[in-house]
Amino acid sequence: RAWLWGRAASVASTRCSTMSTVRLTGFTGHPKGERKTGLAVGMDKGHVLTSRDLKPKPSYRKGKLNKRVAFVREIVREVAGYAPYEKRTMELLKVGKEKRALKVLKNKLGTHKRAKAKREEMSGVLRAQRTK
């Protein structure tokens, strides 16, 4: 046990020098150091490690639109046109009934978030038609 106290004193002296780079975490606002101390107790308890730079995981790309996918969707939209509920939504937006359009879309698509996104898409299409 005596070695632990000697080690704690040496760690405490290095800890004071690292207190300048302190970040506040959690709800209590206690200062937490950037590095672990190597001790089993305390705010910064844990084994001292060197952080490695890892290459990004492929899952981080999820949802990012690819150029090829965007092109294919554009061609499909050009060939197939709009679904009946999308045409009805555009008519409602032309008249100015945004809330009714949102209700129709929510009924068709299932969630409020998807309905809002589709309404924005349809209003964007109408804006593009007006500028042409």
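The present account deals with the structure reproduced in this document.

Calculation criteria
- Residues numbered from 1 in each chain as written.
- Predicted model: local features only at pLDDT ≥ 70, side-chain atom pairs only at ≥ 80, totals over all residues.
- Heavy atoms only, no water.
- Helix = DSSP H or I, 4+ residues; strand = E, 2+ residues; numbered from the N terminus.
- Buried < 20%, exposed > 50% of the residue type's maximum accessible area, 1.4 Å probe, protein only.
- Contact = heavy atoms within 4.5 Å.
- Areas by Shrake-Rupley, 256 points an atom, 1.4 Å probe, with all protein chains shown as cover.
- Salt bridge = Lys/Arg side-chain N within 4 Å of Asp/Glu carboxyl O.
- Expected span 1.5 Å × (residues − 1).
- Arc of directions from axis to C-beta.
- Axes fitted to C-alpha atoms, helices over the stretch in contact; angles between N-to-C directions.
- Parallel < 35°, antiparallel > 145°, perpendicular 65-115°, else oblique.
- Left-handed = near helix turned anticlockwise from the far one by under 90°.

### Regarding the overall build of the protein chain
In terms of helices and strands, the protein chain carries five helices and two strands. Moving toward the C terminus, one meets the helices and strands of the protein chain in the order α-β-β-α-α-α-α. Each of the 132 residues in the protein chain was classed as buried or not, and the buried ones make up 17%. Residue pairs at least 24 apart in sequence account for 29% of intrachain contacts in the protein chain once pairs closer than 6 positions are excluded. Entry remark: accessible area of the protein chain is about 11,600 Å², with carbon and sulfur atoms responsible for 57%.

### As for the pattern of salt bridges
Taken as a whole, this structure holds five salt bridges when the rule is applied. The partner of Arg77 in a salt bridge is Glu121, with the nearest N and O atoms 3.3 Å apart. Here Arg77, found in helix 2 (residues 67-80), pairs with Glu121, found in helix 5 (residues 112-131); they are 44 residues apart in sequence, far enough to count as distant. Taking the relative accessible area as the measure of exposure, Arg77 reaches 26% and is therefore partly exposed. For Glu121, a relative accessible area of 36% corresponds to the partly exposed category. Salt-bridge contacts for Lys94 lead to Glu91; the nearest nitrogen and oxygen are separated by 3.4 Å.

### Quick word on helix 3 (residues 84-95)
For an α-helix, 3.6 residues make a turn, and residues three or four places apart therefore share a direction. In a regular helix each residue adds 1.5 Å, so 12 residues correspond to 16 Å; helix 3 covers 17 Å between its end C-alpha atoms and thus fits that length. Every buried residue of helix 3 is accounted for by Tyr85, Glu86, Thr89, Met90, Leu92 and Leu93. For helix 3, the arc enclosing every buried residue in end-on projection is 160°, short of the 170-degree limit, so these residues lie on one face. Away from its buried face by more than 90 degrees, helix 3 exposes Pro84, Lys94 and Val95. Tucked inside the fold, the buried residues of helix 3 contact helix 2, helix 4 (98-109) and helix 5. Positioned one or two residues after helix 3, Gly96 has a phi angle of 105°, which is positive.

### Things to note about the environment of Lys94
Within the secondary structure, Lys94 is located in helix 3. Accessibility expressed as a relative area gives 51% for Lys94, which makes it exposed.

### A word on helix 2
Over its 14 residues, helix 2 runs 20 Å from end to end, which matches the ideal 20 Å to within 8%, given 1.5 Å per residue. Little of helix 2 sits out of view: just zero of its 14 residues are buried. Positioned one or two residues after helix 2, Gly81 has a phi angle of 80°, which is positive.

### Thoughts on the packing of helix 3 against helix 4
Contact geometry of helix 3 with helix 4 gives a least axis separation of 8 Å together with a crossing angle of 165°. As far as their axial angle goes, helix 4 and helix 3 are roughly antiparallel. Helix 3 and helix 4 meet at a crossing whose hand is left-handed. Touching Tyr85, Arg88, Thr89, Leu92 and Leu93 of helix 3 are Glu98, Arg100, Ala101, Val104, Leu105, Lys108 and Leu109, all from helix 4.

On their own, these measurements won't tell you what the molecule is for.
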